[in-house]
Amino acid sequence: MKATQISKQVWSLRTWVIIPITVWVVVEEDGVTLIDTGIPTMAKGIMKFIEQLQAGPLKRILLTHGHSDHVGSLKAILSKHNVPVFAHRKEIPFIEGELPYSGKKLMTTLPKGATQALQENGQGQLQPIGGLAPYFTPGHSPGHAVYYHEADQVLLAGDLFSSKNGKLRKPLFTPDMSEVLNSSTIVSKLRPARLEVCHGSSVFKPAEQLDEYVAGIRKTHPSVTAN
């Protein structure tokens, strides 16, 4: 597993199983936030890295969504670190085995009540957690969320996109590309300096690529529509 510091407070941890699989560690005032947990073989490496970083204890785990390559190390990490796990409320029934993902068998990652919903205000806007601002970005999964580190201008985008050679690419195995295109507009809203995805390389100034990306998706997927 390769550790890379991608900004002042954000690190990426990456392994490869045919394609890259990435999780992120964010240094907070009170310790460390982990975003996603990757596949099962990453558990020991993640915990060892956090210990060696000496930035404080693991305080919380945030999930972009509950697919197996994003929650694979979750149970192993929780067996060593009793910390809260957060996800968007629409994703929790899939994480806790109440609903199956499209085209997949029912799976239970955590028991009922073990995952906390990201807090929302009265208008339904997700509230900051640690140094990160969550945003609801469905399409790849029903409750997919991304996390923006405003101080470092880094958007941790999970599977909202994939990328290759610094270029935005469509996410893999996605049931609703129309919804993904609608969600991708978060890049224009936030205009991050750097975007990180689970499967692919860093994308710098991604908002400058968005129009070309959307046009390419519509060309290859004529049935896709977006608001």
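Just so we're clear, the structure is a prediction, and the values are computed from it rather than from any experiment.

Caption draft 1: Representation of the nonpolar core in the model. Within the largest apolar cluster, 29 residues are counted, with the highest numbers of intra-cluster contacts made by Val-25, Leu-34, Ile-46, Leu-58, Ile-61, Leu-63 and Ile-77. Among the elements of the structure, strand S2 (10-17), strand S3 (19-28), strand S4 (31-35), helix H1 (43-53), strand S5 (58-62), helix H3 (74-80), strand S6 (85-87) and helix H4 (92-95) are those that each provide at least two residues to this core. Residue contributions to this core peak at five residues, all from H1. If we ignore the near neighbours within four places in the chain, the residues touching Val-25 are Gln-9, Val-10, Trp-11, Leu-13, Val-32, Thr-33, Leu-34, Phe-49, Ile-50 and Leu-53. In terms of nonpolar packing, the next biggest core, distinct from the first, is built from 22 residues, Leu-160, Phe-161, Met-177 and Val-187 among them.

Caption draft 2: Here's a closer look at the pairing of S4. Most of S4 is tucked away, with five of its five residues classed as buried. In the sheet, S3 pairs with S4 via five bridges, with the strands oriented antiparallel. When the sheet's bridge partners are listed, Val-25 is paired in S4 with Leu-34. Count of turn residues in the S3/S4 antiparallel hairpin: two residues. The sheet contact formed by S4 and S5 spans four bridges and is parallel. Residue Ile-35 lies in a different strand from S5, and its bridge partner there is Leu-62. Handedness of the crossover is the feature at issue here: the chain leaves S4, passes through H1, returns alongside S5, and the resulting connection is right-handed.

Caption draft 3: Focus on unusual backbone geometry. For Asn-165, which is not a glycine, the phi torsion comes out positive at approximately 50°. Here Asn-165 lies in the loop between strand S11 (162-164) and strand S12 (167-169). The phi dihedral of Arg-191 falls on the positive side, at around 50°, and the residue is not glycine. By the element assignment, Arg-191 lies in the loop between helix H6 (186-190) and strand S13 (194-196).

Caption draft 4: A look at the pattern of salt bridges. Scanning the entire structure with this criterion turns up four salt bridges. Put simply, Glu-120 and Arg-89 hold a salt bridge, and the shortest N to O gap is 2.6 Å. With Glu-120 in the loop between strand S7 (115-117) and strand S8 (133-136) and Arg-89 in the loop between S6 and H4, this pair connects stretches of sequence that are 31 residues apart.

Caption draft 5: Representation of the layout of surface pockets. By volume, the largest pocket amounts to about 420 Å³. Forming the boundary of the largest pocket are 19 residues, of which His-67, Lys-104, His-140, Leu-172 and Phe-173 lie nearest the centre. Broken down by secondary-structure element, the contributors of at least two residues to the lining of the largest pocket are S3 and helix H2 (68-71). For the lining of the largest pocket, the residue count by class is eight nonpolar, seven polar and four charged. Quantified by volume, the second largest pocket comes out at close to 330 Å³. At the level of secondary structure, the elements contributing two or more residues to the lining of the second largest pocket comprise S8 and H6. When residues in the lining of the second largest pocket are grouped by element, the largest group, four residues, is from S8. Of the residues in the lining of the second largest pocket, the class split is seven nonpolar, seven polar and four charged.

Caption draft 6: Inspection of the sheet that holds S13 at higher detail. Read across the sheet, five strands follow the order S8-S9-S10-S13-S14 without closing on themselves; strand pairing throughout is mixed. The sheet terminates laterally at S8 and strand S14 (203-204), the two strands that pair on one side only. Alignment of S8 against strand S9 (residues 145-149), held across four bridges, turns out to be antiparallel. Among the inter-strand pairings, Pro-134 is bridged to a residue of S9, identified as Tyr-147.

Caption draft 7: Here's a closer look at the sheet that holds S5. Spatially, S1-S2-S3-S4-S5-S6-S7 is the arrangement adopted by the seven strands of the open sheet, whose pairing is mixed. Lying at the two open borders of the sheet, with one neighbouring strand each, are strand S1 (2-5) and S7. Direction aside, neighbouring strands of the sheet carry axes that sit 30° apart on average. Against the sheet, H1 makes contact with S1, S2, S3, S4 and S5, and its axis sits at roughly 30° relative to S3, the strand it touches most.

Here is what the cut-offs are and how they apply
- Residues numbered from 1 in each chain as written.
- Predicted model: local features only at pLDDT ≥ 70, side-chain atom pairs only at ≥ 80, totals over all residues.
- Heavy atoms only, no water.
- Core = buried A, V, L, I, M, F, W, Y, C linked by side-chain atoms within 4.5 Å.
- Buried < 20%, exposed > 50% of the residue type's maximum accessible area, 1.4 Å probe, protein only.
- Helix = DSSP H or I, 4+ residues; strand = E, 2+ residues; numbered from the N terminus.
- Contact = heavy atoms within 4.5 Å.
- Pairing = 2+ DSSP bridges.
- Right-handed = clockwise from strand over helix to strand, strands pointing away.
- Salt bridge = Lys/Arg side-chain N within 4 Å of Asp/Glu carboxyl O.
- 1 Å grid on protein atoms, 1.4 Å probe; cavity = no way out; pocket = protein on both sides within 12 Å on 5 of 7 lines; lining within 4 Å.
- Points joined across faces, edges and corners; volume = space filled by probe spheres on them.
- Nonpolar A, V, L, I, M, F, W, Y, C, P; charged D, E, K, R; others polar.
- Axes fitted to C-alpha atoms, helices over the stretch in contact; angles between N-to-C directions.

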